[in-house]
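In case you want the letters, here they are:
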Amino acid sequence: MSSPALLQSIHRLRAVATKEFRQLTRDRLTFGMVVGIPLLQILIFGYSINFDVRDISAGVVDHAKTSASRALVADLQATQVIRVTEYLGSPTELEERIDSGALSAGIYIPPDFERRRLDPARSAVQVLVDGSEPTIEGVVRGLNSMRSTLRVGLGAPMPSFIEVRTLYNPEKRTAVQIVPALIGVILTMTMVVFTAVAIVRERERGNLELLITTPVRSAELMIGKLAPYVVVGLIQTTLILLVGKWLFDVPIVGSLLDLYLASGVFIAASLMLGLLISTLVQTQFQAIQLSLFTLLPSILLSGFMFPFDGMPRAAQLIAQVIPLTHFVELLRGIVLRGAPLASMPVPLAKLGIFFAVALALAAMRFRKRLD
Amino acid sequence: MNGEPAITARGLTRQFGRLTAVDRIDLTIPRAQIYGFLGPNGSGKSTTIRMLCGLLRPTAGAAVVLGFDVAHEAERLREKLGYMTQRFSLWEDLTVLENLQFIADIYGLERSSRTQRIRAKLTEFRLLDRTAQRAGTLSGGQKQRLALAAATLHEPELLLLDEPTSAVDPQSRRDFWESLFHLVNQGTTILVSTHYMDEAERCHRLAILDEGRIVAEGPPKTLMADIDAAVVEIETIATEAARAALAQVAEIVSIAQLGTRLHALLARSVADPALTVRDALARAHVTAAVEHTTASLEDVFVAATGGGRDERRVDARLRSRA
């Protein structure tokens, strides 16, 4: 390409980007979503998602009524995992209370508790858990580890064989894990929907038909339309980091430059996904639907909410093609562990591959549309 | 300006699946004229225009527009082409000025002349007091003036207008046509599609399209003079009875209604068309004033698009014009 042609191309690209940016700032709803979605999400997720479960309401049926049984209940309470809210007369009553939802857990101490706790073959205490709440069930199951201690004798608990030390998030605060990954979730939510809708809207309103007859090229049009959203994405990233720091005290251990670089790559990948979606649908409504369809697996499978290691093999494979999976890995690495971006080439490369493949597919489809 | 035609097309065809939207069209459109496409919806007007501006590839045939082959040189053609779509296709959430600035940038107009040119267009199309208004809040006529201003901002040699006046009031339509004549006087070639007879009559040349084919072509006056039918005008209050009576007459190709008048088209071979009609009406006891008259463009259209077969469609069009 000769330089005047390149210069013209840049002029046209800038014209498209300027127009897109004007429309973006003008559409109050979109503009509100740029700032509003991240703020709302971080407040909701930051305050409400809490895997660090405490004070589960529990009922106790103590048929043994010995000093050891009373000590057991006191020990369980001391863990702060459960809070004994009522004492009941029979296991049946206990089950009824759990059924009705008044209690989340129940502890039944049988009359022969003293004999049972000396017999390694039998369990000494039965703990009933409301299994409809997966998190609570998991936490109460954790209490099980106390049993060996209990059996030997409450008077002289054995020291733990294994000491668990939580690195990078010593207080085990959920916000510290959630907030950095939230950058990825919010970017997925907004970038994909915004670009898909922005492009489909132009086609729906007939603007594209006019644009095709002008000298503007497809590549100029695509890059020009997407460029303002890169800026939007970086603004959102900054917003989440700032709120995360102020409200939830989330430390940023790693380099900010690395963080923005990783975000840039992820934004590019998300924009391409949005572009690809825009070439597959006819209306703005379909664009939103399809975007939402990609959002849910992103949230559930990326490791944002549920640990990646616990997923079945199939889910792990699906997660590999979700850009958020790799971005969450990068984010947690940079923000919490202070890892340099260069030390995580694999997730970075996977994001790059996603970008390239989506771009190639979108370019193929986009060109066809012009005919 | 050179003497070669602005557009030549040979055997231009476009199929959508099994539907043939445009069927082997030949066109020669001279420069600095207004050339009209007249035809009902679905006759292939829009598809032809879209092929001529490189928006759609022809399935078969070829077209040379301003010396460029539309199938292979569409990109280079675009600089010299202005296209106005049926729908308002500028950006409703941008202001009048922003829309024009964007179009100017896309066509790579020089910064220095850009402001001047936009101002001239705003003056020409009476939009100077609307510059800061969002395009979406303009009236139908204003939107259309803005669209024409945008389409002519880069001073194209050829302007393609696809049913430009379908959404505006009669006064705006008249103003619009004044602007078109002004452009033609400056040397622009204009191809306009329409389904309004009065607009079609204003074109220098006209092609009547029906089901993807050109069924009549020439200057409107010639078309009206050379019509292959005799036109008889019947004025009566009993239009229904008159139609029923005339439907029995074999020589009558078609009957169309214009208010209280009927136009009957008869084969050229009929010796005294008025007498034939008068006799038929007398037999059915219908009182009517009958006279042989000159053909209107309406009659040309009815005759060219197959007469009675299209009667209902023509009726609908007449009503929309009234």
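Within each chain, residue numbers correspond to sequence positions counted from 1 in written order. Each chain is given a letter, starting from A, and each ligand a number, starting from 1, according to the order in which they appear as written. Per-residue local features are limited, in this predicted model, to residues with pLDDT of at least 70; the limit for side-chain atom pairs, both in listing and counting, is 80 or more; totals at the level of whole chains, interfaces and linings are taken over all residues.

*Asks:* Got a sec to walk through the overall build of chain A? Specific residues and values, please.
*Replies:* Scanning chain A from terminus to terminus reveals 15 helices and four strands. Buried residues in chain A amount to 38% of all 371 residues. Nonlocal contacts in chain A, meaning residues at least 24 apart in sequence, comprise 78% of its contacts between residues at least 6 apart. The way it works is that DSSP assigns letters per residue, a run of H or I at least four long becomes a helix, a run of E at least two long becomes a strand, and they are numbered from the N terminus. Whether a residue is buried, exposed or partly exposed is read from the other C-beta atoms within 10 Å of its own C-beta, which are placed from the backbone; 20 or more gives buried, 12 or fewer gives exposed, and intermediate counts give partly exposed. Placing a C-beta atom from the backbone of each residue, one calls two residues in contact when those atoms lie within 7 Å.

*Asks:* I'd love a proper account of the overall build of chain B, names of residues and values included.
*Replies:* Check the secondary structure of chain B and you find 12 helices and 14 strands. For chain B, the spread of C-alpha atoms along the principal axes amounts to about 75 × 45 × 35 Å. Looking at chain B residue by residue over its 322 residues, the buried ones come to 46%. Excluding contacts between residues fewer than 6 apart, the proportion of contacts in chain B whose partners are at least 24 apart in sequence is 70%.

*Asks:* For helix α11 (residues 297–304) of chain B, give the residues involved together with the corresponding values.
*Replies:* The buried fraction of α11 of chain B amounts to seven of the eight residues, a majority that puts the element mostly inside the structure. For α11 of chain B, the complete set of buried residues consists of E298, D299, V300, F301, V302, A303 and A304 of chain B.

*Asks:* How would you summarise helix α14 (residues 323–337) of chain A if you had to cite specific residues and measurements?
*Replies:* All names here are of chain A. Expected span, for any helix, means 1.5 Å times one less than how many residues it has. Across its 15 residues, α14 extends 21 Å between first and last C-alpha, which sits within 8% of the 21 Å expected from 1.5 Å per residue. Of all 15 residues in α14, 14 are buried, a share of seventy percent or more. Immediately beyond the C-terminal end of α14, within one or two residues, lies G338, with a positive phi of roughly 70 degrees.

*Asks:* Provide a residue-level description of the domain arrangement of chain B, including the pertinent values.
*Replies:* Residue and element names in this part refer to chain B. Domain annotation of chain B identifies domain 1 (7–223) and domain 2 (227–321). Averaged C-alpha coordinates put domain 1 and domain 2 at centres separated by 35 Å. Contact with domain 1, which involves 13 residues of that partner, is made by 11 residues of domain 2. Residue contributions to the side of domain 1 that touches domain 2 peak at three residues, all from helix α7 (residues 197–202). Following the grouping adopted for this structure description, the nonpolar residues are Ala, Val, Leu, Ile, Met, Phe, Trp, Tyr, Cys and Pro, the charged ones are Asp, Glu, Lys and Arg, and the polar ones are all others, Gly among them. A breakdown of the residues in the side of domain 1 that touches domain 2 according to their chemical character gives 10 nonpolar, one polar and two charged. The split into domains, and so the bounds of each, comes from an automatic or database assignment of domains.

*Asks:* Kindly report on the sheet that holds strand β5 (residues 68–69) of chain B, identifying the contributing residues and their values.
*Replies:* Remark on secondary structure: sheet strands pair via backbone hydrogen bonds, oriented parallel or antiparallel. Residue and element names in this part refer to chain B. Read from one edge of the open sheet, four strands run β2-β1-β4-β5, paired in antiparallel fashion. Edge positions in the open sheet fall to β2 (19–29) and β5, since each of these has one partner strand only. Whether two strands pair depends on DSSP finding at least two bridges between them. Examined bridge by bridge, strand β4 (residues 60–65) and β5 share two bridges and lie antiparallel to one another. Across the sheet, V65 pairs through a bridge with F68, a residue of β5.

*Asks:* Before we move on, can you summarise the interface of chain A and chain B with the specific residues and values?
*Replies:* In this assembly, 19 residues from chain A lie in contact with 20 residues from chain B. Secondary structure elements with two or more residues in the side of chain A that touches chain B: α1 (3–26) and α9 (207–212) of chain A. Considering each element in turn, the side of chain A that touches chain B owes the most residues, eight residues, to α1 of chain A. Across the side of chain A that touches chain B, the residue classes break down as five nonpolar, seven polar and seven charged.

*Asks:* Tell me about the domain arrangement of chain A, and please be specific about residues and values.
*Replies:* The domains assigned to chain A are domain 1 (3–49 + 173–370) and domain 2 (56–152). Relative to domain 2 of chain A, the C-alpha centre of domain 1 of chain A lies at a distance of 48 Å.

*Asks:* For the confidence of the model for chain B, give the residues involved together with the corresponding values.
*Replies:* Values of pLDDT, which run from 0 to 100, indicate the predictor's confidence residue by residue. In the predicted model, chain B carries a mean pLDDT of 88, and 94% of its residues have values of at least 70. No element of chain B has a lower mean pLDDT than helix α12 (residues 311–321) of chain B, which averages 43, and none a higher one than strand β3 (residues 34–38) of chain B, which averages 96.

*Asks:* Which residues make up the sheet that holds strand β3 (residues 105–109) of chain A, and what are the values?
*Replies:* Residue and element names in this part refer to chain A. As summarised here, the arrangement of the four strands in space is β2-β1-β3-β4, forming an open sheet in which the pairing is mixed. At either margin of the open sheet sits one strand with a lone partner, and together these are β2 (82–87) and β4 (126–129). In this sheet, adjacent strand axes meet at a mean angle of 30 degrees when their direction is disregarded. Pairing geometry for β3 and β4, over four bridges, is antiparallel. Looking across to β4, one finds that A105 is bridged to V129. Helix axes are fitted to C-alpha atoms over the stretch in contact, other axes to C-alpha atoms as well, and angles between N-to-C directions run from 0 to 180 degrees. Sitting on the sheet, helix α3 (residues 67–78) touches β1 (56–62), β2 and β3, and the angle it makes with β2 is about 135 degrees.

*Asks:* With reference to specific residues and values, describe the packing of helix α9 (residues 239–246) of chain B against helix α10 (residues 273–283) of chain B.
*Replies:* All names here are of chain B. Interaxial distance between α9 and α10 falls to 9 Å at its minimum, and their mutual angle equals 110 degrees. The pairing of α9 with α10 is recorded here as roughly perpendicular in orientation. Crossing handedness for the pair α9 and α10: right-handed. Of α10, the residues touching α9 (which contributes A242, A245 and L246) are V277, A280 and L281. Orientation categories follow fixed angle ranges, with anything under 35 degrees roughly parallel, anything over 145 roughly antiparallel, 65 to 115 roughly perpendicular, and all other angles oblique. Two helices crossing with the near one rotated counterclockwise from the far one by less than a right angle form a left-handed crossing, whereas a clockwise rotation gives a right-handed crossing.

*Asks:* Help me get a handle on the nonpolar core, residues and values and all.
*Replies:* By our criterion, buried Ala, Val, Leu, Ile, Met, Phe, Trp, Tyr and Cys residues that link up through C-beta atoms within 7 Å make up a nonpolar core. L182, A269 and M272 of chain A together with L160 and A264 of chain B are the most contacted members of the largest nonpolar core, which totals 168 residues. It is helix α8 (residues 174–204) of chain A that contributes the most residues to this core, 19 residues altogether. The residues contacting L182 of chain A, other than those within four sequence positions of it, are Q41, I42, F45 and I240 of chain A. Grouped together as the second largest cluster of nonpolar side chains are 17 residues, A58, I82, I98 and A124 of chain A included.

*Asks:* Describe in detail the environment of S57 of chain A, supporting the description with residues and values.
*Replies:* Residue and element names in this part refer to chain A. Within the secondary structure, S57 sits in strand β1. When the 18 C-beta atoms within 10 Å are taken as the criterion, S57 is described as partly exposed. It is 29 Å that separates the C-alpha atoms of S57 and M311, two residues lying 254 residues apart in sequence.

*Asks:* Describe in detail the confidence of the model for chain A, supporting the description with residues and values.
*Replies:* Residues and elements named next belong to chain A. Taken residue by residue, chain A gives an average pLDDT of 82. The fraction at 70 or more is 85%. For chain A, helix α7 (residues 147–152) is the element with the lowest average pLDDT, namely 45, and helix α11 (residues 256–280) is the one with the highest, namely 93. Counting interchain partners and residues more than four positions distant, the pLDDT-below-50 stretch residues 148–164 has 13 contacts.

*Asks:* Outline unusual backbone geometry, listing residues and values.
*Replies:* All names here are of chain B. Backbone geometry places R24, a non-glycine residue, at a positive phi of 50 degrees. Mapped onto the elements of the fold, R24 is located in strand β2. Not every positive phi belongs to a glycine, and L66 is a case in point at roughly 50 degrees. Its place among the elements puts L66 in the loop between β4 and β5. Judged by the 20 C-beta atoms lying within 10 Å of it, L66 falls in the buried class.

*Asks:* Can you explain the packing of helix α10 (residues 218–248) of chain A against α11 of chain A? Please cite residues and give values.
*Replies:* The geometry of a pair of packed helices is captured by two quantities: the angle between their axes and the separation between those axes. Residues and elements named next belong to chain A. Here α10 crosses α11 at 135 degrees, and the two axes come no closer than 10 Å. With respect to α11, the axis of α10 lies oblique. In this structure, α10 crosses over α11, and the sense of that crossing is right-handed. Taking contact as the criterion, the partners of M222, L226, Y229, V230, G233, L234 and T237 in α10 are, on α11, Y260, S263, I267, L271 and L275. Residues that form the contact of α10 with α11 fall into these classes: nine nonpolar, three polar and no charged.

*Asks:* If you had to explain the environment of L281 of chain B to someone new, which residues and values would you point to?
*Replies:* Along the chain, L281 of chain B turns up in helix α10. Residues L281 of chain B and L246 of chain B lie 35 residues apart in sequence; the distance between their C-alpha atoms is 7.1 Å.

*Asks:* Before we move on, could you go through the environment of E329 of chain A and cite the residues and values that matter?
*Replies:* Residue position: E329 of chain A is located in helix α14. On a C-alpha basis, the gap between E329 of chain A and S302 of chain A in space is 8.9 Å, while along the polypeptide they are 27 residues apart.

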